[in-house]
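# A look at the structure
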Amino acid sequence: MKLPKELFLSELLNFNVKGNMALNYGSGENVWMHPPVHRILGWYSRPSNFDLKRNVWRLNQINQIIDNEIYVKGDPAISDLATLNRFPNLIEANLINCKGSKIGVIADFLFEIKTGNIKYYLISRSNPRIPGSSRWKLNIRDINDQQPGLVFCTVKSLEELNLIKSSIK
């Protein structure tokens, strides 16, 4: 089965990770990325609710995706949540407009599976974990600076961005 060319982070994290001989590594928990170049390097999964360790995966370990399961080749790197939380990450970073005001939060992004390059980000007006909330498309070229927890853009408001998913009213 051929892998999709592009995938949303939210889809990747929803998959249950399976290994050789149907070993279950749990579901995806968060992303491992290199924000300065807008690239995802991998992700990590949580084996169980009671386990403090995390299984860290590279994108090139993805073998196939079937239904809600992602099959990986090789073994994961093992880490702990405290270490992984120190890695830079733009998910849930505040989006700051050209006037210095918060206009949204980075909720998701579309990336190429083969290269890890992020194509664009999806912005939520408020809490990105609220299901059914609207999403706006933020192009990489509209970002002019970033630092932990903050992404600065050239737009004034979300209305300048394309609405990708409209909330249910």
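Everything below is about the structure printed above this text.
Notes on the structure follow. Computed from a predicted structure; not experimentally measured.

## Examining the pattern of salt bridges
All chains considered together, the criterion is met by six salt bridges. The salt bridge involving E6 is made with K119; its shortest N-O contact spans 3.5 Å. Of this pair, E6 sits in strand β1 (residues 6-8) while K119 is found in strand β11 (residues 118-124), placing the two residues 113 residues apart along the sequence. Take E6: its relative accessible area is 30%, and that puts it in the partly exposed class.

## Quick look at the environment of I70
Its place among the elements puts I70 in strand β7 (residues 69-72). Looking at I70, the relative accessible area reads 0%, which means it is buried. Expressed as a C-alpha distance, the spacing of I70 and D51, which sit 19 residues apart in the sequence, is 20 Å. Once residues within four sequence positions are removed from consideration, I70 is found in contact with L12, F15, N16, V17, K18, W43, I62, Q64 and I65.

## Focus: the packing of aromatic side chains
All chains considered together, the criterion is met by five aromatic pairs. Ring plane angle 75 degrees and centroid distance 6.3 Å describe the contact between F8 and Y120, whose orientation is recorded as edge-to-face. Remark: Y120 occurs in strand β11 and F8 occurs in strand β1; sequence separation between them is 112 residues. Its relative accessible area of 21% is what places F8 among the partly exposed residues. Following the ring pairs from residue to residue traces out a cluster consisting of Y25, W43 and W57. The cationic tip of K137 hangs over the ring face of Y120; the distance from NZ or CZ to the ring centre is 4.6 Å.

Each value, and the rule that gives it
Residues numbered from 1 in each chain as written. Predicted model: local features only at pLDDT ≥ 70, side-chain atom pairs only at ≥ 80, totals over all residues. Heavy atoms only, no water. Salt bridge = Lys/Arg side-chain N within 4 Å of Asp/Glu carboxyl O. Helix = DSSP H or I, 4+ residues; strand = E, 2+ residues; numbered from the N terminus. Buried < 20%, exposed > 50% of the residue type's maximum accessible area, 1.4 Å probe, protein only. Contact = heavy atoms within 4.5 Å. Phe/Tyr/Trp six-rings, centres within 6.5 Å; stacked < 30°, edge-to-face > 60°. Lys NZ or Arg CZ within 6 Å of the ring centre and 35° of its normal.

The analysis is restricted to geometry; functional conclusions fall outside its scope.
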